[in-house]
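Structural features, examined
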Amino acid sequence: MGAIETLTILAAAAITLALFSYLWRENLAYRIAEHAYIGAACGYGVLVAAESAWRLLEPRLTQGLTYWYLTAVIGLLYLAFFSRNYFWLYRYPTAIVLGSEIGVTVARSLKTQFLEQLRMTATITFPSPFPFPYLNSAILAVGVICALFYFYATMEHRGPLKYVSKIGIYFLMAAFGAAFGSTVMARISLLIGRLRFMYFTDPAYYLIPVAIALLIVGIVLDRRKKPETA
Amino acid sequence: MSQIVKRHIPHMVLVAVAFFMAGDTLLLEKPYNDLASSGTAVVSIIGSFAVLLSVTMLSRLHVRRVQRKTKVIESSVLLICMWVTLIWGFFRFAFQGVSPTKEFAVQQVFNAIVSPGDSTIYSILAFFIAAAAYRAFRARSVEATLLLLAGSIVMLGYAPIGEMISGHIPSLTKWIMDVPNTAGNRVIILSGIIGIVALYVRIILGYERGWMGRGD
Amino acid sequence: MATETKSLYAKLQEMDVRYVYLLILIVISAPVLKPIGLPLGTISAETMRLYQYINNLPPRSIIVMEADQSPAAAAECQPAMVANLYHAVSKGLRVLFFSPRTDAVPFVEAAMKLVLGASSDHPNYGKLYVNLGYIPQGEIGLAGLASNIFFTTRDAYGNDLRAMEFFKDLPNKNARDWKLIIYYGASEADHDVRQVTDPYGCPTGGGVAAVLVTRMYPYYPDKIIGFQTGLRGAAEYELLVKRPGEAAAGMDAQSLGHLAIVIMVVIGNIGYYASRKKPSEGE
């Protein structure tokens with residue numbers, strides 16, 4: 001492994017440990033690591049975005065379609081955001097991007113996320129075991145209708161509507177519970193990934209005893225400070 | 001004149017682009033679709049320039065902090081990491097034609113700072129979730145109990161140990177994900193899309209002007 | 001003056017939270033350092049459907065891999081992407097990569113180098129594998145690519161797409177020629193269903209982070225034909241293609257981590273109810 005790759009891994013390990021130090025308490029090392037990440041991420045993102053914009057623009061310019069320079073001019077109007085007098089120029093590129101987003105998503109969203117969702121609710125999707133093959137789909141349909149009634153605000157939830165929306169909230173709570181379980185799984189997976197990097201990547205693991213030593217020093221200094229500030 | 005140029009024309013541009021792009025999703029006419037494809041490229045190029053805003057905002061904020069001598073070290077680190085990456089990457093791309101995704105130093109910055117930083121910041125949440133699970137998640141009502149029960153079953157169902165504890169846990173997990181979870185998320189999608197379409201209609205009709213930002 | 005003795009449960013409730021952090025660190029580190037070897041168990045239906053769909057594709061079918069994983073989500077999505085790529089390569093499928101986010105671009109390179117041994121300099125690059133790189137504007141970019149496969153005109157390395165053998169025999173030159181689009185990431189797969197599945201009939205698959213999994217089910221199995229649920233799903237796919245890797249190695253720690261969280265929820269609730277003061281006792 002070359003010297004630069006070694007330094008890269010050591011830097012990655014140092015950033016990892018500095019960010020983990022937040023679990024002890026917020027400290028300068030954590031803030032430095034956090035700011036380094038924000039700066040580097042912003043710089044990297046801008047580079048890749050600029051390269052991709054050039055890749056879209058350059059073939060058209062080499063074909064002699066010089067009016068494509070206008071796209072760069074309109075894109076630069078974003079910087080008018082920082083002007084007091086010419087702020088309104090910022091609205092042009094925003095209008096183009098937002099209008100495009102609206103046009104691309106609206107018609108297709110209404111089909112995919114409204115009509116198709118209603119169709120899939122009304123059809124048999126998840127077969128249940130014998131002898132009730134339609135049970136799961138029936139429960140699903142009931143759950144969707146009841147949960148929709150929970151969000152229905154035109155009438156007060158009294159009488160039968162109260163019980164319908166109660167059933168709806170139970171379905172929603174089960175969905176949120178599933179989301180909670182999935183989120184826990186995701187975060188633990190990330191932690192496993194980080195720990196595997198720290199424990200098994202040469203030479204990252206050499207920083208672990210250094211970090212433990214610094215933590216012990218930090219704890220001792222903290223304990224010594226406390227009686228003076230009390 | 002000024003209101004027309006400052007407000008009405010941007011609004012008309014938004015409406016025209018929205019209808020033009022919506023037409024591409026609904027019509028199958030080759031000349032129109034080819035024009036819309038070029039339009040998409042135009043939007044992609046224009047939208048890429050928005051990253052200039054992030055660079056400028058971060059630079060302004062942190063240069064001001066350095067000038068006021070508050071959090072000098074942190075702000076300096078941010079500015080150095082950002083501008084060194086940018087300057088070197090642009091130099092190599094503009095003058096030597098080396099793509100940032102292939103440029104050695106830029107990739108080392110990604111591997112050394114961006115990748116571990118992003119991963120670690122999110123992985124810390126595992127500890128916070130554990131602490132919250134222990135200190136805050138209380139089954140105080142039927143709904144909360146249901147949430148915790150569903151969450152616990154799903155957590156155990158997705159881990160191999162769940163099937164070892166009981167063979168019914170994976171089936172229960174599958175049922176929870178297939179039926180109540182699908183019902184709940186379907187409702188969220190249905191409600192969400194109605195809200196989004198309503199918002200977009202308000203923007204097109206001019207009632208929603210938040211996207212125009214400050215000023216007249 | 002009477003001193004109030006606190007019960008064990010009350011003390012546990014007021015314990016410094018950093019002990020909980022330490023406990024989690026130990027519980028997850030131990031199986032990482034010394035694997036227990038718990039069997040993975042039954043392969044989920046969602047992963048199996050995706051595997052069978054890819055397995056039944058004829059050679060030279062086009063699958064699109066949409067790399068939307070941030071470095072944070074890569075811990076879960078990257079093993080899935082690698083396993084799927086191994087499968088696609090073994091079936092002789094054509095793979096088209098693109099990334100709607102800037103920080104996912106290196107992960108495509110990493111996957112290609114791990115599975116194929118090279119990226120743009122692979123002998124079959126341009127014939128069986130093409131990397132379009134970063135396509136800006138997320139859903140707008142995807143809509144553009146789905147409606148016109150030459151939308152970007154160049155690949156990630158500046159090569160002209162029309163000169164590549166990959167695109168020579170495509171009848172429609174849009175998403176109708178695709179057999180599957182697989183989304184890797186933690187944002188949303190809804191835009192794939194909206195812009196690719198419903199208009200062009202190409203089904204969506206997923207190698208998604210677990211946070212997104214609950215949002216996949218409303219589209220499953222009609223629009224999203226199958227998906228890998230976080231690290232577990234990636235481990236299942238690795239076993240199906242007989243290439244255990246990062247995901248399979250992390251399953252023991254996943255098990256103990258989940259068990260620890262569930263136990264903490266139970267103990268926390270028991271302690272909460274046990275340590276609540278009954279009004280009559282204090283009077």
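Residues numbered from 1 in each chain as written. Chains lettered and ligands numbered in written order. Predicted model: local features only at pLDDT ≥ 70, side-chain atom pairs only at ≥ 80, totals over all residues.

1. Considering the overall build of chain A
Broken down by element type, chain A carries 7 helices and 0 strands. Counting from the amino terminus, chain A carries its helices and strands in the arrangement α-α-α-α-α-α-α. In terms of overall dimensions, chain A is more spread out than a globule: its C-alpha atoms have a radius of gyration of 28 Å, far above the 17 Å expected for 230 residues. In terms of overall dimensions, chain A has a C-alpha envelope of 65 × 65 × 45 Å along the principal axes. (Helix = DSSP H or I, 4+ residues; strand = E, 2+ residues; numbered from the N terminus. Rg over C-alpha atoms; globule rule 2.2 N^0.38 Å.)

2. Considering the overall build of chain B
The number of helices and strands found in chain B is 8 helices and 0 strands. Over its C-alpha trace chain B gives a radius of gyration of 26 Å, far above what one expects of a compact globule, namely 17 Å for 216 residues. For chain B, the proportion of its 216 residues judged to be buried stands at 43%. Relative to all contacts within chain B whose residues are 6 or more apart in sequence, the contacts with residues 24 or more apart total 17%. (Buried ≥ 20, exposed ≤ 12 C-beta atoms within 10 Å, placed from the backbone. Contact = placed C-beta atoms within 7 Å.)

3. Some points on the packing of helix α2 (residues 28-62) of chain A against helix α3 (residues 51-67) of chain B
How two helices pack is summed up by the angle between their axes together with the distance between the axes. Where α2(A) meets α3(B), the closest approach of the two axes is 9 Å, and the angle between their N-to-C directions is 155°. Here α2(A) is positioned roughly antiparallel relative to α3(B), judged by the angle of their axes. The handedness of the crossing between α2(A) and α3(B) is left-handed. Across the interface between the two elements, A:Cys42, A:Gly45, A:Val46 and A:Ala49 of α2(A) pack against B:Val51, B:Ser54, B:Val55 and B:Leu58 of α3(B). Classifying every residue of the contact of α2(A) with α3(B) gives 6 nonpolar, 2 polar and no charged. (Axes fitted to C-alpha atoms, helices over the stretch in contact; angles between N-to-C directions. Parallel < 35°, antiparallel > 145°, perpendicular 65-115°, else oblique. Left-handed = near helix turned anticlockwise from the far one by under 90°. Nonpolar A, V, L, I, M, F, W, Y, C, P; charged D, E, K, R; others polar.)

4. Let's talk about the pairing of strand β5 (residues 204-208) of chain C
Residue and element names in this part refer to chain C. Counting buried residues along β5, 5 of its 5 residues qualify, which places the element largely inside the surrounding structure. The two faces of β5 match: Thr 204, Gly 206 and Val 208 on one face and Gly 205 and Gly 207 on the other face are all buried. As defined by bridge partners, strand β4 (residues 178-185) adjoins β5 across 5 bridges and the pair is classed as parallel. Within the sheet, the bridge partner assigned to Ile 181 lies in β5 and is Thr 204. Crossover connection from β4 via helix α7 (residues 190-200) to parallel β5: handedness right-handed. Where β5 and strand β6 (residues 224-229) come together, 5 bridges link them in parallel fashion. Bridge pairing in β6 places Gly 205 opposite Gly 226. (Pairing = 2+ DSSP bridges. Right-handed = clockwise from strand over helix to strand, strands pointing away.)

5. Some details on the sheet that holds β6(C)
Residues and elements named next belong to chain C. With respect to topology, 6 strands assemble into an open sheet ordered β3-β2-β1-β4-β5-β6, the strand pairing being parallel. The open sheet is flanked by β3 (129-134) and β6, the only strands paired with a single partner. Between one strand axis and the next, the sheet turns through 15° on average, direction left out of account. Lying over the sheet, helix α9 (residues 230-240) contacts β5 and β6, oriented at roughly 100° with respect to β6.

6. Quick look at the interface of chain C and chain B
Taken together, the contacts link 47 residues of chain C with 45 residues of chain B. Breaking the side of chain C that touches chain B down by element, the ones donating at least two residues are α2 (17-33), α5 (105-116), α6 (138-147), α8 (213-216) and α11 (251-275) of chain C. Take the side of chain C that touches chain B: its biggest share by element is 12 residues, from α11(C). Within the side of chain C that touches chain B, the residues separate by chemical class into 27 nonpolar, 16 polar and 4 charged.

7. A look at helix α4 (residues 72-96) of chain B
Helix length check: α4(B), at 25 residues, gives a terminal C-alpha distance of 34 Å against a target of 36 Å (1.5 Å per residue), a fit within 8%. Taken together, the buried positions of α4(B) are B:Glu74, B:Ser75, B:Val77, B:Leu78, B:Cys81, B:Met82, B:Thr85, B:Leu86 and B:Gly89. Those residues of α4(B) hidden inside the fold are in contact with α2 of chain A together with α3 and α5 (104-135) of chain B. Positive backbone phi, at 70°, marks B:Gly97, one or two positions downstream of α4(B). (Expected span 1.5 Å × (residues − 1).)

8. Describing the confidence of the model for chain B
When pLDDT is averaged along chain B, the result is 91; 100% of the residues meet or exceed 70. For this predicted complex, the interface confidence comes out at an ipTM of 0.89, alongside a pTM of 0.91. (pLDDT = per-residue confidence, 0-100.)

9. So, the packing of helix α1 (residues 3-20) of chain A against α5(B)
Direction vectors running N to C along α1(A) and α5(B) enclose 25°, while the axes themselves pass 8 Å from each other. Between α1(A) and α5(B), the interaxial angle falls into the category roughly parallel. By crossing handedness, the relation of α1(A) to α5(B) is classed as right-handed. Only B:Gln108, B:Asn111, B:Ala112, B:Ile113, B:Pro116, B:Gly117, B:Thr120, B:Ile121 and B:Ile124 of α5(B) make contact with α1(A), whose side of the interface consists of A:Ile4, A:Thr8, A:Ala11, A:Ala12, A:Ile15, A:Thr16, A:Leu19 and A:Phe20. Residue composition of the contact of α1(A) with α5(B), grouped by class: 11 nonpolar, 6 polar and no charged.

10. Observations regarding the interface of chain B and chain A
With 102 residues of chain B at the contact, the number on the chain A side is 97 residues. Of all the elements in the fold, those that place two or more residues in the side of chain B that touches chain A are α1 (2-26), α2 (30-48), α3, α4, α5, α6 (142-158) and α8 (168-205) of chain B.

11. Brief notes about the environment of C:Leu33
In this structure, C:Leu33 sits in helix α2. Sequence separation between C:Leu33 and C:Ala253 is 220 residues, and the spatial gap between their C-alpha atoms is 9.4 Å.

12. Topic: the environment of A:Tyr206
Mapping A:Tyr206 onto the fold places it in the loop between α6 (160-200) and α7 (207-229). Between the alpha carbons of A:Tyr206 and A:Ala13 there is a distance of 9.2 Å; along the sequence they are 193 residues apart.

13. Digging into the pairing of β4(C)
All names here are of chain C. With respect to burial, β4 is a largely interior element, 7 of its 8 residues being buried. In this sheet, β4 lies alongside strand β1 (residues 62-68) in parallel orientation, the contact comprising 7 bridges. Note that in β4 the partner of Ala 67 across the bridge is Tyr 184.

14. Some details on the nonpolar core
Among the nonpolar cores identified, the biggest contains 210 residues, and A:Ala40, B:Ala130, C:Val95, C:Val208 and C:Met216 are the most heavily contacted of them. It is α6(A) that contributes the most residues to this core, 20 residues altogether. Other than its neighbours up to four places away in sequence, A:Ala40 contacts B:Cys81, B:Met82, B:Thr85, B:Val109, B:Ile113 and B:Val114. (Core = buried A, V, L, I, M, F, W, Y, C linked by C-beta atoms within 7 Å.)

15. Examining unusual backbone geometry
A cis amide bond links A:Asp202 to the next residue, A:Pro203, at an omega of 5°. For the bond from C:Tyr220 to C:Pro221, the omega torsion is 0°, close enough to zero to count as cis. Residue placement: C:Pro221 occurs in the loop between α8 and β6. A positive phi angle, near 60°, is found at B:Lys69, a position not held by glycine.

16. As for α2(B)
Its 19 residues place the ends of α2(B) 27 Å apart at the C-alpha level, agreeing with the 27 Å of an ideal helix rising 1.5 Å per residue. Of all the positions in α2(B), only B:Ala36, B:Thr40, B:Ala41, B:Val42, B:Val43, B:Ser44, B:Ile45, B:Ile46, B:Gly47 and B:Ser48 are classed as buried. Packing partners of the buried residues in α2(B) comprise α2, α3 (69-76) and α4 (91-122) of chain A, α1 and α3 of chain B together with α6 of chain C.

17. Focus on the environment of C:Gly133
With respect to the helices and strands, the residue C:Gly133 is situated in strand β3. C-alpha of C:Gly133 to C-alpha of C:Thr102: the two residues are 31 residues apart in sequence and 8.8 Å apart in space. In contact with C:Gly133, not counting residues within four places along its chain, are A:Ser52, B:Thr101, C:Phe98, C:Ser99, C:Val105, C:Asp155 and C:Ala156.

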